[in-house]
There are 2 protein chains.
Amino acid sequence: MEASSTASETAGENEFDLIIIGAGSGNTIPDERFADLKIAIIDDGEHFGGTCLNVGCIPTKMFVRPAEIVHGARSAQHLGVTAPDVRANWAAVRDRIFTRIDAISNSGEEYRRSGEPNIQLVRERVRFISDHELETDSGRRLRAERIIIAAGSRSVELDPLPWSQRVITNAEALRLEQLPQHITVIGGGAIGCEFANIFHGFGAKTVQLVRSMPLKSVDSEVAATFAQVADWDLRTGTEVTAAHETEAGVELTLSDGSQMITDLVLVAAGRIPNSDRLEATAAGFDLHEDGRIVVDDYQRVLRGGEPVPGVWALGDISSSHQLKHVANEEARVVAHNVAAEFSGEQLRRNTLGPVPTAVFSNPEVAAFGESLSQAQARGADAFAVRHDYGATAWGWALEDETSFCKLVVDRENGKLLGAQIIGPDAAILLQPLIQAASQGQSVRGLARQQYWPHPAATEIIENTLLRAEAQLAAH
Amino acid sequence: MEASSTASETAGENEFDLIIIGAGSGNTIPDERFADLKIAIIDDGEHFGGTCLNVGCIPTKMFVRPAEIVHGARSAQHLGVTAPDVRANWAAVRDRIFTRIDAISNSGEEYRRSGEPNIQLVRERVRFISDHELETDSGRRLRAERIIIAAGSRSVELDPLPWSQRVITNAEALRLEQLPQHITVIGGGAIGCEFANIFHGFGAKTVQLVRSMPLKSVDSEVAATFAQVADWDLRTGTEVTAAHETEAGVELTLSDGSQMITDLVLVAAGRIPNSDRLEATAAGFDLHEDGRIVVDDYQRVLRGGEPVPGVWALGDISSSHQLKHVANEEARVVAHNVAAEFSGEQLRRNTLGPVPTAVFSNPEVAAFGESLSQAQARGADAFAVRHDYGATAWGWALEDETSFCKLVVDRENGKLLGAQIIGPDAAILLQPLIQAASQGQSVRGLARQQYWPHPAATEIIENTLLRAEAQLAAH
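Residue indices begin from 1 for each chain and proceed along its sequence in written order. Note on labels: chains are lettered from A, ligands numbered from 1, in written order. Owing to the predicted nature of the model, reporting of local features is limited to residues with pLDDT of at least 70; listing and counting of side-chain atom pairs is limited to 80 or more, with chain, interface and lining totals taken over all residues. Note that the side-chain values use all heavy atoms of the structure and ignore hydrogens as well as water.

A short note on the overall build of chain A
Step number 1: The numbering of helices and of strands both runs from the N terminus, where a helix is a DSSP run of H or I of at least 4 residues and a strand a run of E of at least 2. Check the secondary structure of chain A and you find 12 helices and 25 strands.
Step number 2: The globule rule puts the C-alpha radius of gyration for 475 residues at 23 Å, and the 24 Å found for chain A is close to it.
Step number 3: Projected onto its principal axes, the C-alpha coordinates of chain A cover approximately 75 × 65 × 40 Å.
Step number 4: For chain A, with 475 residues in total, the buried portion stands at 58%.
Step number 5: Considering only contacts within chain A whose residues lie at least 6 apart along the sequence, 63% involve residues at least 24 apart.
Step number 6: Element-wise, carbon and sulfur atoms account for 46% of the exposed surface of chain A, whose accessible area totals about 18,300 Å².
Step number 7: Think of it this way: Lys and Arg go in the positive column, Asp and Glu in the negative one, and His and the chain ends go nowhere. To locate a charge, take atom NZ for lysine, CZ for arginine, CG for aspartate or CD for glutamate. Side chains of chain A carry 42 positive and 65 negative charges; the gap between the two charge centres is 2 Å. For the radius of gyration, the atoms used are the C-alpha atoms, and the globule rule reads 2.2 Å times the number of residues raised to 0.38. Burial classes follow relative accessibility: with a 1.4 Å probe on protein chains only, a residue under 20% of its type's maximum area counts as buried, one over 50% as exposed, and anything between as partly exposed. Residue contacts are counted whenever heavy atoms from the two residues lie within 4.5 Å of one another. Computed with the Shrake-Rupley method and a 1.4 Å probe, the accessible areas treat only the protein chains shown as cover for residues.

Some points on the interface of chain A and chain B
Step number 1: Contacts between the two partners involve 73 residues from chain A and, on the opposite side, 73 residues from chain B.
Step number 2: Buried area is a sum: the accessible area each of two parts loses on coming together, probed at 1.4 Å, counted once for each and added. Buried surface at the junction of chain A and chain B, both sides included, amounts to about 6,300 Å², of which 62% is carbon and sulfur.
Step number 3: By salt bridge we mean one thing: a side-chain nitrogen of Lys or Arg within 4 Å of a carboxyl oxygen of Asp or Glu. Counting the contacts that link chain A with chain B gives four salt bridges.
Step number 4: Here Arg96(A) makes a salt bridge to Glu399(B), at a shortest N to O gap of 2.9 Å.
Step number 5: Polar contacts, as used here, are pairs of N or O atoms within 3.5 Å; protein pairs need one atom able to donate a hydrogen and one able to accept it. Residues neighboring in sequence count only if both atoms are side-chain atoms. Joining chain A to chain B, the criterion identifies 26 residue pairs in polar contact (both at pLDDT 80 or more).

Remarks on the sheet that holds strand 11 (residues 182–186) of chain A
Paired through backbone hydrogen bonds, the strands of a sheet run either parallel or antiparallel to each other.
Residues and elements named next belong to chain A.
Step number 1: If you walk across this open sheet you meet the five strands as 10-17-11-12-13, and the pairing is parallel. Where the open sheet ends on each side, the last strands, each with one partner, are strand 10 (167–168) and strand 13 (233–235).
Step number 2: In the sheet, strand 11 pairs with strand 17 (residues 264–267) via four bridges, with the strands oriented parallel. Each bridged residue has a counterpart across the sheet, and for Ile186 the counterpart in strand 17 is Val267.
Step number 3: Only the stretch in contact is used when a helix axis is fitted, and all axes are lines through C-alpha atoms; the angle between N-to-C directions ranges over 0 to 180 degrees. Against the sheet, helix 5 (residues 190–202) makes contact with strand 11, strand 12 (205–209) and strand 17, and its axis sits at roughly 165 degrees relative to strand 12, the strand it touches most. At least two DSSP bridges between two strands are needed for those strands to be called paired.

With respect to unusual backbone geometry
Step number 1: Of note, the bond from Gly353(A) into Pro354(A) is cis; its omega dihedral lies within 30 degrees of zero at -5 degrees.
Step number 2: Here Pro354(A) shows up in the loop between helix 7 (324–343) and strand 21 (356–359).
Step number 3: Note that the residue after His454(A), namely Pro455(A), is joined by a cis bond; omega there is -5 degrees.
Step number 4: With respect to the element layout, Pro455(A) can be found in the loop between helix 11 (431–438) and helix 12 (459–473).
Step number 5: The backbone of Glu279(B) shows a phi angle near 50 degrees, a positive value even though the residue is not glycine.
Step number 6: Among the secondary structure elements, Glu279(B) is positioned in the loop between strand 18 (271–273) and strand 19 (300–303).
Step number 7: Positive phi, normally seen in glycine, also occurs at Glu399(B), with a value near 50 degrees.
Step number 8: Here Glu399(B) is to be found in the loop between helix 9 (393–398) and strand 24 (404–410).

Things to note about helix 6 (residues 220–229) of chain A
All names here are of chain A.
Step number 1: What helix 6 keeps buried is the set Val222, Ala223, Thr225 and Phe226. With its buried residues spanning 165 degrees around the axis, helix 6 presents them on a single face. Along helix 6, exposed side chains directed more than 90 degrees from the buried face belong to Ser220 and Gln228.
Step number 2: Check the buried side of helix 6 and you find it contacts helix 5, strand 13, strand 22 (365–369), strand 24 (404–410) and strand 25 (416–422). Summarising the geometry, the arc corresponds to the directions from the helix axis toward the C-beta atoms.

Some details on the domain arrangement of chain A
Step number 1: Partitioning chain A into domains gives domain 1 (4–53 + 93–155 + 272–343), domain 2 (167–269) and domain 3 (364–473).
Step number 2: Of note, the centres of domain 1 of chain A and domain 3 of chain A, computed from C-alpha atoms alone, are 38 Å apart. Residue ranges assigned to the domains are those given by an automatic or database domain assignment.

Some details on the sheet that holds strand 22 (residues 365–369) of chain B
Residues and elements named next belong to chain B.
Step number 1: As summarised here, the arrangement of the five strands in space is 21-22-25-24-23, forming an open sheet in which the pairing is antiparallel. This sheet does not close on itself; its edge strands, each paired only once, are strand 21 (356–359) and strand 23 (382–388). Sheet twist, expressed as the mean angle between neighbouring strand axes with direction ignored, is 10 degrees.
Step number 2: Bridging between strand 22 and strand 25 (residues 416–422) involves five bridges; their strand directions are antiparallel. Of the residues in strand 25, the one forming a bridge with Ala366 is Ile421.
Step number 3: Along the sheet, helix 12 (residues 459–473) contacts strand 23, strand 24 and strand 25; its crossing angle with strand 23, the most-contacted strand, is approximately 145 degrees.

Examining the nonpolar core
Step number 1: In terms of nonpolar packing, the biggest core is built from 179 residues, with Leu407(A), Leu433(A), Leu407(B) and Leu433(B) touching the most fellow members.
Step number 2: With sequence-adjacent residues up to four places away left out, Leu433(B) is seen in contact with Phe368(B), Cys405(B), Leu407(B), Leu416(B), Ala419(B), Ile461(B) and Leu465(B). Nonpolar cores are built from buried Ala, Val, Leu, Ile, Met, Phe, Trp, Tyr and Cys residues. Side-chain atoms within 4.5 Å join them into one set.

Things to note about the relation of the copies chain A and chain B
Step number 1: Residues reaching a pLDDT of at least 70 in both copies supply the C-alpha atoms on which the copies are superposed by least squares. The transformation that overlays chain A on chain B combines an axial shift of 0.0 Å with a rotation of 180 degrees, and the residual RMSD is 0.0 Å. Taken together, the rotation angle and the small translation identify this as a two-fold axis. Within chain A, Pro432(A) has its C-alpha nearest the rotation axis, a separation of 2.5 Å.
Step number 2: Comparing interface residues between copies, 100% of those in chain A also sit at the interface in chain B, which points to an isologous, same-surface contact.

Focus: the packing of helix 2 (residues 57–74) of chain A against helix 3 (residues 90–114) of chain A
All names here are of chain A.
Step number 1: It is the contact of helix 2 with helix 3, at a shortest axis distance of 10 Å, that shows an interaxial angle of 145 degrees. The hand of the helix 2/helix 3 crossing is right-handed. Residues Ile58, Pro59, Met62, Phe63 and Pro66 of helix 2 touch helix 3, and the partners they reach there are Trp90, Val93, Arg94, Arg96, Ile97, Phe98, Arg100 and Ile101.
Step number 2: Under this grouping Gly is polar, as are all residues other than the nonpolar Ala, Val, Leu, Ile, Met, Phe, Trp, Tyr, Cys and Pro and the charged Asp, Glu, Lys and Arg. Broken down by class, the residue content of the contact of helix 2 with helix 3 amounts to 10 nonpolar, no polar and three charged. Left-handed is the label given to a crossing in which the near helix is rotated counterclockwise from the far helix by less than a right angle, and right-handed is the label when the rotation is clockwise.

A look at the state of the cysteines
Step number 1: Here, a disulfide means two cysteine sulfur atoms that sit within 2.5 Å of each other. Within the structure shown, the criterion is met by zero disulfides over all chains.
Step number 2: With no disulfide of its own, Cys405(A) lies closest to Cys193(A) among cysteine sulfurs, the gap being 19 Å.

Quick look at the confidence of the model for chain A
Step number 1: Confidence of the predictor in every single residue is expressed as pLDDT, which spans 0 to 100. Per-residue confidence for chain A gives a mean pLDDT of 95; residues scoring 70 or more make up 98%.
Step number 2: We note a pTM of 0.96 for the whole complex and an ipTM of 0.96 for its interfaces.

Quick word on helix 6 (residues 220–229) of chain B
Step number 1: The inward-facing, buried residues of helix 6 of chain B abut helix 5 (190–202), strand 13 (233–235), strand 22, strand 24 and strand 25 of chain B.
Step number 2: The backbone nitrogen of Glu221(B) lies 2.8 Å from a side-chain oxygen of the residue at the head of helix 6 of chain B, namely Asp219(B).

Comments concerning the pairing of strand 17 (residues 264–267) of chain B
Residue and element names in this part refer to chain B.
Step number 1: The alternating pattern of strand 17 places Leu264 and Leu266 on one face and Val265 and Val267 on the opposite face, and all of these are buried.
Step number 2: In this structure, strand 10 (residues 167–168) lies alongside strand 17, joined through two bridges in parallel fashion. Residue pairing across strands places Val167 opposite Val265, the latter belonging to strand 17.

As for the pattern of salt bridges
Residues and elements named next belong to chain A.
Step number 1: One pass over the full model with this rule turns up 60 salt bridges over all chains.
Step number 2: Residue Arg94 is joined to Asp95 by a salt bridge in which the shortest nitrogen-to-oxygen separation is 3.0 Å.
Step number 3: A residue is classified by how much of its surface remains accessible, and Arg94, at 10% relative accessible area, is buried.
Step number 4: Of the charged contacts in the structure, one is a salt bridge between Arg386 and Glu221, with a shortest N-O distance of 2.5 Å. Pair noted here: Arg386 is in strand 23 (residues 382–388) and Glu221 is in helix 6, with a separation of 165 residues, a long-range link.
Step number 5: Classification of Arg386 by relative accessible area gives partly exposed; the value is 30%.
Step number 6: A single network of salt bridges, built from pairs that share partners, joins Asp219, Glu221, Arg386, Asp388 and Lys406.

Put into structure tokens, the structure is as follows:
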């Protein structure tokens with residue numbers, strides 16, 4: 001493959017064929033299709049490799065597992081199991097996790113530094129000078145005909161709680177020297193719910209403050225069930241109105257007028273895209289109100305509503321879904337589209353859907369698409385069905401009384417508009433529904449087209465589908 | 001609906017329109033389509049409702065869950081979790097389970113006894129006198145134009161080990177007064193592997209004797225992995241050659257010449273269909289060599305290769321799969337076909353496939369279709385790919401080093417010929433593959449047609465599919 005005019009033909013160590021800003025999903029792009037391009041990868045993160053690997057999904061899930069075992073053993077008395085002394089050792093778990101992850105991060109960085117002659121690693125923060133030019137903190141100016149912006153997002157700082165040793169994000173929380181005795185998690189999104197569960201499981205006294213309801217973007221019934229089942233001190237409709245840091249901890253005044261002292265505050269009140277740190281406005285790129293860079297279906301960055309030639313974006317900095325699996329798919333689209341310039345292939349649109357989300361808390365939650373109220377709000381003729389874990393053999397085995405699967409179905413064509421699961425293994429139970437919805441299948445016949453091994457948890461899905469089908473037939 | 005000539009029009013309390021022998025899956029058949037028929041349901045089981053409910057899948061899975069929690073907590077030191085005193089209380093678990101199950105069984109029996117005027121319950125053993133006539137142990141003769149045989153199977157007795165207080169089947173094992181100190185499980189099929197895991201998890205010293213390899217019908221690599229990972233005393237290639245029951249227990253002589261004493265022997269060496277107890281030969285029905293009643297694709301019982309009018313069979317007594325989800329599907333086919341006589345609908349063939357099987361042991365195993373060697377033995381141009389749990393984020397969270405997913409793929413059309421999973425949540429992870437295979441889909445594009453939420457366990461399936469696709473593309 002030959003670039004029309006490659007940087008190797010032009011002068012200057014600061015001239016590239018392709019610059020990738022961000023080494024998370026962006027780092028998956030350079031492959032054999034780009035072997036002839038001179039590439040710069042820019043990552044100013046403390047740990048190389050992006051949020052998911054270093055401070056996001058992966059280490060979080062690795063903390064979830066021990067917490068889940070402890071919780072499972074501790075709360076199984078109704079199943080006939082006692083475990084008076086079960087506990088998870090914070091320091092041991094942390095060291096195991098980061099020994100593994102830091103090694104991956106380090107070897108990834110080393111490979112990018114010296115593994116391929118055409119790729120150069122830049123470990124500095126950059127900002128846009130113009131649409132194809134960047135300046136690093138040290139004053140180096142980098143230019144490329146093609147720029148991929150994959151610089152991610154960061155935790156939002158809350159007004160009364162400036163970052164400090166005691167007011168931290170999930171990134172610091174994962175690497176804490178020791179387990180706090182008392183932690184307050186602020187926020188009811190995936191991160192807040194996952195970290196409240198982790199700290200509770202490890203034995204910290206855990207308070208979670210949620211402005212309205214947890215996981216409210218999913219479904220109100222799911223949100224209410226989550227708030228009811230979570231067995232730490234989860235307070236809905238509660239905000240911090242004032243905070244004061246002392247020697248002993250952080251004194252918080254809450255919106256209900258109460259006060260409390262906590263060792264640590266983990267703020268998980270949302271994430272903002274890093275477009276401001278990149279000074280994307282200097283290049284004139286269009287931004288959404290929340291700061292995300294505007295892209296079209298091809299992942300092309302827009303300016304004045306038109307694609308800027310050679311500039312692409314993906315992941316949290318531009319996506320409406322702050323999810324690693326979405327960023328990865330966007331990276332595949334961008335890689336294809338950048339390579340298309342040379343291969344002559346058509347540009348690819350990003351049309352994959354629906355987008356599932358999973359919250360690895362306790363209870364676990366997974367969902368895609370619309371809730372019934374969302375579907376009805378846009379005028380869809382939809383209905384919802386619900387089936388409880390407790391109405392299946394597996395639910396009996398769990399003695400489960402709170403978990404369920406809900407489907408939102410288009411009455412016209414029987415297609416799945418949405419699905420929500422709250423309960424054990426929600427994230428994996430959702431997959432047959434994702435598969436059917438991705439293929440545009442109706443729920444009609446879906447349950448009976450296939451076997452569902454008895455008495456596996458998937459019978460919950462089978463039975464919810466049968467309910468949906470019965471509801472369709474009733475009309 | 002009107003039967004051409006209903007028994008209510010003819011004389012005699014022993015004349016029926018429909019007799020159903022067996023109240024397991026057979027008991028699901030009477031519904032509103034048969035409200036005008038005079039029906040007898042025959043069940044001579046100690047507990048009403050069949051194997052699955054009373055001594056099979058359901059109570060077994062309910063014992064598996066506590067065992068799994070104990071095992072999970074006990075074996076999580078490498079994850080940073082300690083649980084020195086975790087234990088499951090046999091009597092408490094047993095009582096919880098059978099309080100629930102016996103109530104279901106009793107209310108099911110009560111409903112069949114007096115819930116519907118057209119249905120009569122016969123709690124006796126029966127045998128065939130002719131193809132449409134049965135005799136009960138008490139000498140009552142029952143006749144019907146339509147007979148559905150759903151009388152199931154029972155545990156095989158082993159020659160050197162006649163049934164006794166100390167030599168028992170899974171049925172007795174589930175209701176044991178107390179946990180044995182030392183139990184020997186004979187057999188490497190699903191039941192043997194599940195019960196060895198249960199007793200080990202509850203704290204009994206457990207030996208499992210397997211003639212060749214465990215779960216050998218699945219795949220040799222899976223079998224070998226199971227034998228290696230199971231953390232009770234599993235002895236492959238070992239049989240009992242002699243047994244002697246004493247006051248202290250059962251003295252076993254094994255094929256390796258060694259001897260041991262055990263408190264209890266659980267024989268799970270296979271199950272035989274109950275056609276002999278029904279004296280199916282007296283009606284001239286065709287039998288397979290293993291005693292199963294021969295049926296055609298419509299679940300019609302054959303005699304001399306031809307369907308016997310009005311006689312149907314389903315479940316373990318006739319099926320090549322001794323699985324509850326298969327029996328249920330066969331019951332749906334039979335119900336449709338019996339009702340077709342009145343509704344005028346076409347008879348339905350039973351063509352649903354592939355058939356998954358799940359073994360809720362530790363490790364858990366789930367599979368469908370062919371292993372690579374089975375596919376190749378019949379001349380298929382097939383290949384297999386394998387992806388380890390350990391190569392996904394979730395595998396990292398488990399610190400898993402032994403679990404994997406394997407796919408067997410038809411090189412010609414990319415279709416799944418088989419799938420095997422050994423590891424946590426195998427049974428539910430299999431479902432997206434069952435769904436694709438049931439719909440005749442190729443693995444081409446399957447992984448990338450849908451999102452797989454990160455970092456859920458389903459990424460194992462996604463990655464195995466990608467390997468399969470790469471292998472297809474390489475040719």
